[in-house]
Amino acid sequence: MVDITDSLDCRGEVCPYPDVKSKRKAKKMQSGDVLEIFIDYPLSAERIPETMKSMGNEVLSSEKIGNSEWKIIVKIK
Amino acid sequence: MAIDIVLVLIPGFIIGIIFGIILQRGRFCMNSAFRDIIVMKQYKLIKSVILAICVSMVGFSLMSFSGIISLNPKPFMWGAQIVGGFIFGIGMVLAAGCASGTTYRVGEGMMGSFVALLGYASAAYFTKFGFLNSISSFLQSNTKITNADGSNLTLFGVLTPIFMLILGIIGIGLASYFWIFKELKAKKTENKPMLEFKDFGIKIFKRGWHWAPTGIAIGILAWFAYISSAGAGRNYPLGITGGWVGWVKFWSTGVDSALSWETFLVLGVVVGAFIVAIIAKEFKLRTPKEAKKLLIQYVGGFAMGFGAVTASGCNIGNILSGWPHLSLGSLLAGAFIVLGCWVMAYLLFMRKRE
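On a predicted model such as this, the values are computed, not experimentally measured, just so you know.

Quick look at the overall build of chain B
Then, in step 1: Each helix and strand in chain B was counted, giving 15 helices and two strands.
Then, in step 2: On C-alpha atoms alone, chain B measures out to a radius of gyration of 20 Å, which is about the 20 Å that the 2.2 N^0.38 rule sets for 354 residues.
Then, in step 3: Dimensions along the principal axes, computed over C-alpha positions, put chain B at roughly 60 × 55 × 50 Å.
Then, in step 4: Counting over 354 residues, chain B shows a buried share of 56%.

This is how it looks when you write it as structure tokens:
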């Protein structure tokens, strides 16, 4: 298991807050940090990993943890 | 007057269900599409929108040449379309969804979208029949310009149907060449199979759809929507606003004639999105944590309702259905919807916070 540096809970939030918040958070973090993001908005489940990759970060995992709930773990580069 | 079940209720409802399924699976939302060009620099949804418009355009043109439909572009009323479009664009960012996006998300169990829809439907009704009507009628009647024979202005006049065919084919060609082939090529160089039919069912029902099939499916659905809707006496393809206005009118007056093809269409969208959201395990009743956000979504919905009726169409009526007609009014309204969306998105998400 990796050590989670910081966690972001965007459950209940709609388009585009999960995307914008996770992007802002990732920008503030240090290289090597690990960010964990919780969301329940389907569109963001596909787009946050893409955004993170295009920022150059590494998506360690993106899994569905329940009914319309996802957990995404990202390693900041 | 009784409702015509065979021509109005069933066709509208079925087209609506299919529309809802595609919207939910493709996460097709024009608010996200336009907003993310500037906010997230993501272009997948806008590609989907462009492809849907081009596919519609080719179909509408061919169907008009063969006499299956008679094209019905929206009127040009510059004042109403500038003001209404801009207010609609601002509203959809606050409501976190365009007219179709808000409608299908109600089927996903998003309470914020439900609240936005209440604002949207009521404001649209008040603008059509109530206290806001004087403002929209004033804008519409004072800035309306038509051709000399009273027909509505389109980009190329009598030649418009031919240009629709040409532009549509060029658009599909460019989209295929620059976007679709490039993606396939990238897959080939990574040694991944270009098309994989393994787990086809899972891909359709459990994961979000790729932008290209989503756009093509919506474009083709619009052809059938046009034929079916014209058969029900409403000569226009897909639309959302009129449907919700119809429901509010029905609930407040009880008059059967308020229920049209479009009212059953919007109901079908909610039902279709609900069904596939359940299958994909993406249905969940969820409410934003802060009550303030619900209020903002309501206000956004209200602005959308006023804007849509004033501009004589929401993002579906004016952009998805209106742009393929090359109606001057729809092009103008659509441009201001995009502009309103960008101004509000900039203010909310991009301005540096001190």
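Text resumes after the structure shown.
Section: helix H2 (residues 42–54) of chain A
Then, in step 1: Here H2(A) is 13 residues long and its end C-alpha atoms lie 19 Å apart, about the 18 Å a rise of 1.5 Å per residue gives.
Then, in step 2: As for H2(A), its buried residues are in contact with helix H1 (17–28), strand E2 (34–39), strand E3 (58–66) and strand E4 (69–75) of chain A together with helix H2 (30–38) of chain B.
Then, in step 3: Looking one or two residues beyond H2(A), the residue adopting positive phi is Gly56(A), at roughly 95°.

A few points about the interface of chain A and chain B
Then, in step 1: The interface of chain A with chain B comprises 15 residues on the first partner and 20 residues on the second.
Then, in step 2: The set of elements that each furnish at least two residues to the side of chain A that touches chain B consists of H1 and H2 of chain A.
Then, in step 3: Of all the elements, H2(A) adds the most residues to the side of chain A that touches chain B, at five residues.
Then, in step 4: The residue makeup of the side of chain A that touches chain B, split by class, is six nonpolar, four polar and five charged.

With respect to unusual backbone geometry
Residues and elements named next belong to chain B.
Then, in step 1: At Lys-41, a position not held by glycine, the phi torsion is positive, near 55°.
Then, in step 2: According to the C-beta neighbour criterion, Lys-41 is exposed, with 9 such atoms within 10 Å.
Then, in step 3: Not every positive phi belongs to a glycine, and Lys-281 is a case in point at roughly 55°.
Then, in step 4: Overall, the presence of 14 C-beta atoms within 10 Å leaves Lys-281 in the partly exposed class.

What to know about the packing of H1(A) against H2(A)
Residues and elements named next belong to chain A.
Then, in step 1: Packing of H1 against H2 leaves a shortest axis separation of 10 Å and a crossing angle of 25°. Taken together, the axes of H1 and H2 lie roughly parallel to each other. Where H1 crosses over H2, the two elements pack in a sense that is right-handed. Across from Pro-18, Asp-19, Ser-22, Lys-23 and Ala-26 in H1, the residues of H2 making contact are Ser-44, Arg-47, Ile-48, Thr-51 and Met-52.

Some thoughts on the confidence of the model for chain B
Then, in step 1: Of all residues in chain B, 99% attain a pLDDT of 70 or more, and the chain-wide mean is 94.
Then, in step 2: Interface confidence for the predicted complex, given as ipTM, is 0.85, next to a pTM of 0.94.

Let's talk about the packing of helix H4 (residues 78–95) of chain B against helix H13 (residues 291–310) of chain B
Residue and element names in this part refer to chain B.
Then, in step 1: One way to put it is that H4 packs onto H13 with a least axis distance of 7 Å and a crossing angle of 155°. Considered as vectors, H4 and H13 are oriented roughly antiparallel to each other. Every pair of crossing elements has a handedness; the one defined by H4 and H13 is left-handed. Residues Ala-80, Val-83, Gly-84, Gly-85, Ile-87, Phe-88, Ile-90, Gly-91, Met-92, Val-93, Leu-94 and Ala-95 of H4 form the contact with H13, whose own contacting residues are Ile-296, Gln-297, Val-299, Gly-300, Gly-301, Ala-303, Met-304, Phe-306, Gly-307, Ala-308 and Thr-310.
Then, in step 2: Looking at the contact of H4 with H13, its residues break down into 15 nonpolar, eight polar and no charged.

What to know about the nonpolar core
Then, in step 1: Core analysis: the biggest nonpolar cluster contains 130 residues, and Cys54(B), Tyr120(B), Ala124(B) and Met304(B) have the highest contact counts within it.
Then, in step 2: Residue contacts for Met304(B): discarding those within four places in its chain leaves Phe88(B), Gly91(B), Met92(B), Ala95(B), Ala99(B), Tyr120(B) and Cys314(B).

A look at helix H11 (residues 241–253) of chain B
Residues and elements named next belong to chain B.
Then, in step 1: For H11, with 13 residues, the first-to-last C-alpha span of 18 Å sits near the 18 Å given by 1.5 Å per residue.
Then, in step 2: Buried within H11 are the following residues: Thr-241, Gly-242, Gly-243, Trp-244, Val-245, Gly-246, Val-248 and Lys-249.
Then, in step 3: Those residues of H11 that are buried are in contact with helix H5 (99–106), helix H6 (111–129), helix H12 (261–279), H13 and helix H14 (315–320).
Then, in step 4: Downstream of H11 by a residue or two, Gly-254 has a phi angle that is positive, lying close to 75°.

Observations concerning the pairing of E4(A)
Residue and element names in this part refer to chain A.
Then, in step 1: Only one face of E4 is buried: it carries Trp-70, Ile-72 and Val-74, and the other face, with Glu-69, Lys-71, Ile-73 and Lys-75, is open.
Then, in step 2: With six bridges joining them, E2 and E4 adopt antiparallel strand pairing. Residue pairing across strands places Leu-35 opposite Val-74, the latter belonging to E4.
Then, in step 3: Both E3 and E4 contribute to a ladder of seven bridges, which runs antiparallel. Counted as the bridge partner of Gly-66 is Glu-69 from E4.
Then, in step 4: The loop that links E3 with its antiparallel partner E4 comprises two residues; one of these, Ser-68, has a positive phi angle of about 50°.

Reading the values: the criteria
- Residues numbered from 1 in each chain as written.
- Chains lettered and ligands numbered in written order.
- Predicted model: local features only at pLDDT ≥ 70, side-chain atom pairs only at ≥ 80, totals over all residues.
- Helix = DSSP H or I, 4+ residues; strand = E, 2+ residues; numbered from the N terminus.
- Rg over C-alpha atoms; globule rule 2.2 N^0.38 Å.
- Buried ≥ 20, exposed ≤ 12 C-beta atoms within 10 Å, placed from the backbone.
- Expected span 1.5 Å × (residues − 1).
- Contact = placed C-beta atoms within 7 Å.
- Nonpolar A, V, L, I, M, F, W, Y, C, P; charged D, E, K, R; others polar.
- Axes fitted to C-alpha atoms, helices over the stretch in contact; angles between N-to-C directions.
- Parallel < 35°, antiparallel > 145°, perpendicular 65-115°, else oblique.
- Left-handed = near helix turned anticlockwise from the far one by under 90°.
- pLDDT = per-residue confidence, 0-100.
- Core = buried A, V, L, I, M, F, W, Y, C linked by C-beta atoms within 7 Å.
- Pairing = 2+ DSSP bridges.

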